[in-house]
Amino acid sequence: MKRLTGISASRGICIGPVFPFIRQELKVESYCVDDTKEEVARLDAAITKAKDQISLIYQKALGEASKADAEIFQAHRMILEDPELLKEVKTKIEKDSTCAEFAMMTTAQSFSDMMSAMQDEYFKARATDIMDVGNRVLRILLGVAETPTADLKEPSVITADDLTPSDTVMLDKRLVLGFCTVRGSATSHTAILARGLGIPAVSGAGEEVMNIIKGTRIILDGTRAEALVDPDDEMVAQYREKIETARNIQDAAMKHTHEPAITRDGVRLEVVSNIGNVEGARQSIENGAEGVGLLRTEFLYLERTSVPTEEEQYQAYKAILDVFGKLPVVLRTLDVGGDKEIPYLGLAAESNSFLGQRALRLCLVRPDIFKPQLRAALRAGVGNNLKMMFPMVATAQEVRDARKVLDECISELKAEGKAFAENIEVGIMVEIPSAALVADQLAKEVDFFSIGTNDLSQYTMAADRTNPKVSGLSNAFFPAVLRLIRDVIKAAHAEGKWVGMCGELAGEPMAAPILLGLGLDEFSMNPPMVPLVKQILRDLDAGEMRSIAEQALNLESPKQIEDLVKEKVPFIGQLVD
Amino acid sequence: MKESRIVVNNKVGLHARPASVFVQEASKHVSEIKVSCQDPDTNEIREVNAKSILGVLTLGVFQGMEITIRAEGEDEEPAVVALVSLVKNNFGEE
């Protein structure tokens with residue numbers, strides 16, 4: 001048996017055969033054909049089939065991803081219908097008697113080169129599109145499977161280098177037990193997908209992941225961030241028992257999940273969800289979330305070719321807000337920087353984008369991006385319970401600047417006679433240590449805080465959470481981070497404001513006693529975690545947890561704090577082991 | 001043959017969504033349609049097939065540049081009228 005360790009990207013345990021996701025290399029040979037007419041017919045047939053595939057993916061993406069994700073495939077279709085491209089491929093076959101594969105490959109390459117030679121980022125993205133489409137036609141001509149997972153037939157653990165949205169859209173999710181990737185992080189696409197599906201995932205487990213042979217039995221423990229390759233039967237039996245216990249606990253929690261989370265001593269907590277699309281909204285309701293503590297809006301901006309219009313955003317937000325009706329939904333404004341590939345925004349690459357002009361910093365200098373989003377959200381909030389949240393705040397002035405833009409949008413909408421949500425609550429993410437340190441000042445400027453523990457940990461500990469070598473340091477259970485959390489909650493409560501948490505920590509069973517003890521009001525997490533966290537909170541006594549939290553802050557390491565929690569609240573220990 | 005010149009005034013020029021809307025409209029007509037413009041650096045006139053998204057994109061038309069739309073065929077008149085009005089209305093954007 002071999003043990004691989006990585007970063008916990010999604011909790012839970014699964015056991016199953018490995019299915020490696022390998023992008024097949026397309027080997028194209030140049031040869032002459034006798035019957036060029038027949039060769040053109042072969043090309044036409046392949047192009048027709050490619051168009052059918054794209055239409056199917058488009059429909060699928062519309063159904064389960066977002067309209068923005070789907071748009072990329074529409075662009076692909078247009079490239080396949082391009083008369084100039086088709087003319088050139090056909091000319092090559094007819095004049096030079098080259099085979100369809102070689103003609104297609106060289107043409108796609110030359111068009112793609114032409115695009116990437118242009119300065120504009122937008123064209124560079126189109127260059128990738130052309131190669132994608134060209135490769136699709138080549139796969140059909142060469143008889144290679146459409147996706148590396150085309151012959152995934154039994155429930156498996158997918159191993160991969162890293163996965164992109166286009167890789168996973170065609171994946172039959174019912175056959176995926178978990179993901180184990182070479183690269184990637186707790187915030188990569190694979191991690192977000194896995195948490196949404198409620199299945200385990202381990203990222204950044206190293207190159208050895210791809211050495212595991214297809215069909216090898218593997219135990220994937222997303223909670224402990226490890227993969228046990230080819231375990232013996234005894235080990236498997238042990239883990240099966242763990243899975244069984246976890247399932248029983250989840251089932252029991254599910255039965256009461258539509259009841260509120262009230263502690264033994266009568267403190268009512270709000271348990272809400274982190275979502276990024278309509279599918280997540282439906283999942284939230286099913287799992288008993290009492291609203292949304294974090295609505296990510298980045299999905300509207302990724303994998304597309306132009307800024308989403310106000311109208312498009314309005315439709316998307318409204319679709320989600322309508323699912324929740326009177327339940328609160330906290331919408332976070334655009335949270336991107338130079339690390340995200342959004343060519344049409346024209347963001348310059350930064351040497352350290354996590355410390356760069358990202359999120360609110362970017363929005364404040366780009367009203368052309370910021371205002372349409374604020375206007376769309378305000379309009380979509382009519383009749384619903386919308387709250388607005390700004391990410392990446394470091395100073396009080398930034399909050400005032402953001403509110404000024406919001407006020408401008410409100411005046412504009414009023415002048416235009418358009419309906420919009422009035423008197424909404426406005427809050428900020430507390431994820432930069434400076435914000436935590438001046439939380440008393442910031443509390444005067446806002447209606448609420450939401451603590452983003454993922455970023456707060458990595459900025460406080462100066463440890464990149466996407467770097468497996470130091471990601472261990474980027475842990476919110478270090479007392480340094482917990483002390484900041486304590487101060488933030490105290491400062492907010494002193495001003496009569498409420499505090500939520502939308503980082504990973506809020507959905508950690510182990511953290512629930514500490515966070516309750518520190519006085520957190522709202523817990524926001526991925527929908528599958530809601531039932532369990534609600535159940536845990538019901539079994540705790542807030543007064544008792546206050547003294548445990550106090551003790552925890554005087555310890556030195558996450559390990560010591562975990563041991564303390566296990567000792568004082570034994571049932572939590574049983575849950576996580 | 002029918003020909004018309006017009007200045008592209010929308011923000012992104014003939015790129016992204018506007019380019020695809022333009023090509024989709026051109027593709028509705030049977031006439032052969034060309035679109036051309038002068039390269040601001042070299043002053044060279046470049047002409048591409050208006051039904052080709054890749055052609056239109058590589059033409060590199062930015063806000064404020066003048067393009068010439070030329071159609072030849074049985075529906076040349078309505079083709080040019082439709083494309084010109086599309087550009088005039090900033091491709092249906094606000």
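As the structure is a computational prediction, the values presented were derived from the model and not from experiment.

Undergrad: Would you mind showing me how to read the overall build of chain B here?
TA: Secondary structure assignment for chain B yields three helices and four strands. A compact globule built from 94 residues should have a C-alpha radius of gyration of about 12 Å, and chain B, at 12 Å, falls within 12% of that. Each of the three principal axes of chain B carries a C-alpha extent, and together these read 35 × 30 × 20 Å. By residue count, 36% of the 94 residues in chain B fall in the buried class.

Undergrad: Would you mind going over the overall build of chain A with me for this structure?
TA: In terms of regular secondary structure, chain A is built from 22 helices and 17 strands. Taking 2.2 N^0.38 as the reference for a compact globule, 577 residues should give roughly 25 Å; the C-alpha atoms of chain A span a radius of gyration of 26 Å, in line with that estimate. Counting only C-alpha atoms and orienting by the principal axes, one finds that chain A spans roughly 85 × 70 × 40 Å. Counting only residues that meet the buried cut, chain A has 47% of its 577 residues in that class. For chain A, restricting intrachain contacts to residue pairs at least 6 apart in sequence, the fraction spanning at least 24 positions comes to 70%.

Undergrad: Explanation requested: helix α12 (residues 367-380) of chain A in the structure shown.
TA: Along an α-helix, a turn takes 3.6 residues, which lines up residues three or four apart on a common side. Residue and element names in this part refer to chain A. Under the 1.5 Å per step criterion, the end-to-end length of α12 is 19 Å for 14 residues, consistent within 8% with the ideal 20 Å. Among the residues of α12, Phe-370, Pro-372, Gln-373, Leu-374, Arg-375, Ala-376, Ala-377, Leu-378, Arg-379 and Ala-380 are the ones counted as buried. Check the buried side of α12 and you find it contacts α10 (310-324), β12 (328-332), α11 (359-365), β13 (385-390) and α13 (396-415).

Undergrad: Would you mind going over the interface of chain A and chain B with me for this structure?
TA: Where the parts come together, the accessible area they lose is often given as the size of the interface. Across the contact, 14 residues belong to chain A and 12 residues belong to chain B. Elements with a minimum of two residues in the side of chain A that touches chain B: α2 (67-80), α3 (83-96), α4 (100-116) and α5 (121-142) of chain A.

Undergrad: Would you take a moment to explain the domain arrangement of chain A for this structure?
TA: Examined at the domain level, chain A breaks down into domain 1 (2-21 + 149-247), domain 2 (36-142) and domain 3 (256-576). Relative placement of domain 1 of chain A and domain 3 of chain A: their C-alpha centres are 27 Å apart.

Undergrad: Sorry if this is basic, but what is going on with the sheet that holds strand β2 (residues 7-10) of chain A here?
TA: Within a sheet, adjacent strands bond to each other through the backbone by hydrogen bonds, running parallel or antiparallel. Residue and element names in this part refer to chain A. Read across the sheet, eight strands follow the order β1-β8-β7-β3-β4-β5-β6-β2 without closing on themselves; strand pairing throughout is mixed. The open sheet has two free edges, formed respectively by β1 (2-5) and β2, since each of these has just one partner strand. Taking each pair of neighbouring strands and ignoring which way they run, the sheet shows an average axis angle of 30 degrees. Here two bridges tie strand β5 (residues 176-181) to strand β6 (residues 201-203), and the two strands are oriented parallel to one another.

Undergrad: Looking at this structure, I do not really get the packing of α12 of chain A against α13 of chain A. What am I missing?
TA: When two helices pack together, their arrangement is given by the angle between the helix axes and the distance between those axes. Residues and elements named next belong to chain A. Between α12 and α13, the shortest axis-to-axis distance is 9 Å and the interhelical angle comes to 60 degrees. Of the possible angle classes, the one that applies to α12 and α13 is oblique. Read as a crossing pair, α12 and α13 show a hand that is right-handed. Packed against α12, whose contacting residues are Pro-367, Phe-370, Lys-371, Leu-374, Arg-375 and Leu-378, the element α13 presents Val-405, Leu-406, Cys-409, Ile-410 and Leu-413 at the interface. Taken together, the residues of the contact of α12 with α13 sort by class into nine nonpolar, no polar and two charged.

Undergrad: Explanation requested: the sheet that holds strand β4 (residues 66-72) of chain B in the structure shown.
TA: Residues and elements named next belong to chain B. Strand order in the open sheet formed by four strands is β1-β4-β2-β3, with antiparallel pairing between adjacent strands. If you trace the sheet from one side to the other, it starts and ends with β1 (2-7) and β3 (45-49), each paired once. Across this sheet, the average inter-strand angle for adjacent strands is 20 degrees, counted without regard to direction. Judged from the five bridges that link them, strand β2 (residues 32-38) and β3 form a sheet pairing that is antiparallel. Looking across to β3, one finds that Lys-34 is bridged to Asn-49. Running over the sheet, helix α3 (residues 76-88) touches β1, β2 and β4 and is turned about 5 degrees from β1.

Undergrad: Explain helix α20 (residues 542-553) of chain A here, please?
TA: Residues and elements named next belong to chain A. With 12 residues, α20 ought to run about 16 Å at 1.5 Å a step, and its terminal C-alpha atoms sit 16 Å apart, in line with that. Looking at α20, one finds that the buried residues are Met-545, Ile-548, Ala-549 and Ala-552. One face of α20 carries all of its buried residues, which in axial projection span an arc of 105 degrees. Where α20 is buried, its residues meet α17 (479-494), α18 (512-518) and α21 (558-568).

Undergrad: Teacher, can you tell me more about the packing of α10 of chain A against α12 of chain A here?
TA: Residue and element names in this part refer to chain A. Relative orientation of the contacting elements α10 and α12 amounts to 40 degrees, with a least axis distance of 8 Å. Overall, the two elements α10 and α12 adopt an arrangement that is oblique. Between α10 and α12 the crossing geometry is right-handed. Only Pro-372, Gln-373, Arg-375, Ala-376, Ala-377, Arg-379 and Ala-380 of α12 make contact with α10, whose side of the interface consists of Glu-310, Gln-313, Tyr-314, Tyr-317, Lys-318 and Leu-321. In the contact of α10 with α12, the residues fall into seven nonpolar, two polar and four charged.

Undergrad: Explanation requested: the nonpolar core in the structure shown.
TA: The tendency in soluble globular proteins is for nonpolar side chains to be buried side by side. Ranked by size, the top nonpolar core spans 105 residues in total, and within it Ile-428, Val-430, Val-488, Leu-515 and Val-533 of chain A carry the most contacts. In terms of residues, this core owes the most to one element, α17 of chain A, which gives eight residues. Here Val-488 of chain A is in contact with Val-430, Ala-436, Ala-439, Phe-449, Ile-451 and Val-499 of chain A, once residues within four sequence places are set aside. Among the nonpolar cores identified, the runner-up in size contains 53 residues, and Ile-72 and Ala-103 of chain A together with Ala-16 and Leu-57 of chain B belong to it.

Undergrad: Help me out: how do you make sense of the environment of Pro-367 of chain A in this one?
TA: Residue and element names in this part refer to chain A. By secondary structure assignment, the location of Pro-367 is in helix α12. According to the C-beta neighbour criterion, Pro-367 is partly exposed, with 13 such atoms within 10 Å. Note: C-alpha distance between Pro-367 and Ile-57 (310 residues apart in sequence) is 34 Å.

Undergrad: What is the right way to look at the environment of Ala-103 of chain A in this model?
TA: All names here are of chain A. By the element assignment, Ala-103 lies in helix α4. Measuring from C-alpha to C-alpha, the distance between Ala-103 and Ser-55 comes to 24 Å, with 48 residues separating the pair along the chain. The residues contacting Ala-103, other than those within four sequence positions of it, are Val-89, Lys-92, Ile-93 and Thr-98.

Cut-offs applied
Residues numbered from 1 in each chain as written. Chains lettered and ligands numbered in written order. Predicted model: local features only at pLDDT ≥ 70, side-chain atom pairs only at ≥ 80, totals over all residues. Helix = DSSP H or I, 4+ residues; strand = E, 2+ residues; numbered from the N terminus. Rg over C-alpha atoms; globule rule 2.2 N^0.38 Å. Buried ≥ 20, exposed ≤ 12 C-beta atoms within 10 Å, placed from the backbone. Contact = placed C-beta atoms within 7 Å. Expected span 1.5 Å × (residues − 1). Domains from an automatic or database assignment. Pairing = 2+ DSSP bridges. Axes fitted to C-alpha atoms, helices over the stretch in contact; angles between N-to-C directions. Parallel < 35°, antiparallel > 145°, perpendicular 65-115°, else oblique. Left-handed = near helix turned anticlockwise from the far one by under 90°. Nonpolar A, V, L, I, M, F, W, Y, C, P; charged D, E, K, R; others polar. Arc of directions from axis to C-beta. Core = buried A, V, L, I, M, F, W, Y, C linked by C-beta atoms within 7 Å.

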